[in-house]
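# Observations on the three-dimensional arrangement
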Amino acid sequence: MTVFYGPSNPCNICPRLYCYLQELNKKQPEGHNGPVTSFGAIESQLLIVGLAPGAKGANYTGRPFTGDHAGDVLYGQLSTFGFSKGIFKQHINDGLELINCRITNAVRCVPPQNKPIGSEINSCNIYLSQEIAAMKKLKIILSLGKISHDAVLKVFGLKQSAYKFAHGAQHQINDDLWLFDTYHCSRYNMNTRRLTEDMFAAIFSNIQTKLSSLS
Ligand code: URA
């Protein structure tokens, strides 16, 4: 049986993250303040892999990308492209359902300054690996940013030199699986227009096209 870790199955592999969670729990005891588990059905064909929960977003609400700017952008596109049903309202009781799509993070605990360190990314890779192995119908993984991209390559034992991260890239991982890349939809990337809404929408349009060609 695959065991996904989450609040009821805690993890203390990363001392820095464990301490930071305890600190946040004192500051905002009403928040989730634990590892954030994935959202969406395990039978989905699309898996979106973010970086790590935000302190006031997923770490607070307990659902990936819920409660921060990056989430507003991501869930907006998911709705436009038919990967969600219902109205996204920045809290976990909004009744939002994902359609054929699941969202997770390369690192499941909130890191200080939104920056996980190498050992934390590596330690958390086991959970991403379990996640991917459990998704029997998986066809596309969408990596939001290079850290996510590298974490996915690590799961498959693939070299970064052979599968370079690039916004808009589509890498074939094996007969059944593709890895798509996009810049992360963070507030910083959107404000600096490294990533625009149109660029992000184009990625989801490509995903739709690829999914229909694969099924
Ligand atoms: N929220 C998440 O859950 N993950 C990210 O990568 C960013 C914000």
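These lines cover the structure that appears in this document, whether it is placed above or below. This structure is a prediction, so every number in the text was calculated from the model and none was measured. Per chain, residues are indexed from 1 in the order of the written sequence. Residues qualify for local features only when their pLDDT is at least 70, as the model is predicted, and side-chain atom pairs are given and counted only at 80 or more; totals for whole chains, interfaces and linings, by contrast, use all residues. Calculation of side-chain values draws on the structure's entire complement of heavy atoms; hydrogens and water are dropped beforehand.

Secondary structure follows DSSP: runs of H or I at least 4 residues long count as helices, runs of E at least 2 residues long count as strands, and numbering of each begins at the N terminus. When helices and strands are tallied, the chain shows seven helices and seven strands. The order of helices and strands in the chain, counted from the N terminus, is α-β-α-α-β-β-β-α-β-α-β-β-α-α. Restricting the calculation to C-alpha atoms gives the radius of gyration, and the globule rule supplies 2.2 Å times the number of residues raised to the power 0.38. Taken over the C-alpha trace, the chain has a radius of gyration of 16 Å; the compact-globule value for 215 residues is 17 Å, and the two agree within 12%. Overall, the chain is about 50 × 40 × 35 Å in size when its C-alpha atoms are taken along their principal axes. Here the chain holds 215 residues, and the buried ones make up 52% of them. Any pair of residues with heavy atoms lying within 4.5 Å of one another is described as a contacting pair. Taking all contacts inside the chain whose residues are at least 6 apart in sequence as the whole, residues at least 24 apart take part in 68%. The method behind every accessible area is Shrake-Rupley, applied with a 1.4 Å probe, and residues are considered shielded solely by the protein chains displayed. On the chain, roughly 10200 Å² of surface is accessible, and the fraction owed to carbon and sulfur atoms is 51%. Any residue under 20% of the maximum accessible area for its type is buried, any over 50% is exposed, and the rest in between are partly exposed; the area is computed with a 1.4 Å probe on protein chains only.

What follows covers the site of the ligand. A molecule or strand has a residue near it when one of that residue's heavy atoms lies within 4 Å. In the vicinity of the ligand, the contacting residues are Gly50, Leu51, Ala52, Pro53, Ala58, Pro64, Phe65, Asp68, Asn105 and His184. Between Phe65 and the ligand, the recorded distance is 2.9 Å, taken from a backbone N or O atom to an oxygen atom. We call two N or O atoms a polar contact when they sit within 3.5 Å, provided that within protein one can donate a hydrogen and the other can accept it, with sequence-adjacent residues counted only if both atoms are side-chain atoms. Within the side chain of His184, an N or O atom sits 2.9 Å from an oxygen atom of the ligand. When isolated, the ligand has an accessible area of 240 Å², and the protein chains bury 95% of it. The cavity where the ligand resides is the largest pocket. Side-chain classes are defined by residue name, with Ala, Val, Leu, Ile, Met, Phe, Trp, Tyr, Cys and Pro counting as nonpolar, Asp, Glu, Lys and Arg as charged, and the others, Gly among them, as polar. Its residues assigned to classes, the shell around the ligand comprises six nonpolar, three polar and one charged. Points on a 1 Å grid over protein atoms alone make up a cavity when a 1.4 Å probe fits among them but cannot get out, and a pocket when they form an open set with protein on both sides within 12 Å along at least five of seven lines; lining residues each have an atom within 4 Å of a point. A cavity or pocket is said to hold a molecule if more than half of that molecule's atoms lie within 2 Å of its grid points.

Stacked, tilted and edge-to-face pairs are distinguished by plane angle, under 30 degrees for stacked and over 60 for edge-to-face with tilted covering the rest, among Phe, Tyr and Trp rings (Trp via its six-membered ring) whose centres lie within 6.5 Å. Counted under the stated rule, the structure contains six aromatic pairs. With centroids separated by 6.5 Å and ring planes inclined at 55°, the aromatic side chains of Phe83 and Phe204 adopt a geometry described as tilted. Of this pair, Phe83 sits in the loop between helix H3 (69-80) and strand E2 (84-85) while Phe204 is found in helix H7 (residues 197-214), placing the two residues 121 residues apart along the sequence. Here Phe204 falls in the buried class, since its relative accessible area comes to 0%. Aromatic side chains Phe200 and Phe204 sit 5.2 Å apart centroid to centroid with 85° between the ring planes, which places their arrangement in the edge-to-face category. A residue pair is termed a helical-turn pair when its members lie 3 or 4 positions apart in one helix, as Phe200 and Phe204 do in helix H7 at four residues. An aromatic cluster of at least three residues, connected via ring pairs, comprises Phe81, Phe83, Phe200 and Phe204. The positively charged end of Arg63 is found above the aromatic ring belonging to Tyr75, 5.6 Å away from the centroid. We call a charge positioned above a ring when the Lys NZ or Arg CZ atom is no farther than 6 Å from the ring centre and deviates by at most 35 degrees from the ring normal. It is Lys210 that lies over the ring of Trp178; its NZ or CZ is 3.6 Å from the centre.

This brings us to the pairing of strand E1 (residues 46-50). With five of its five residues buried, E1 lies for the most part within the structure. Taking every second residue as pointing to the same face, both faces of E1 are buried, with Leu46, Ile48 and Gly50 on one and Leu47 and Val49 on the other. A pair of strands is considered paired only if DSSP assigns at least 2 bridges between the two. Where E1 meets strand E4 (residues 101-105), five bridges bridge the pair, whose relative direction is parallel. Across the sheet, the residue bridging to Leu46 is Cys101, located in E4. Looking at chain direction, E1 and strand E5 (residues 140-144) are connected through four bridges and run parallel. Among the inter-strand pairings, Ile48 is bridged to a residue of E5, identified as Leu142.

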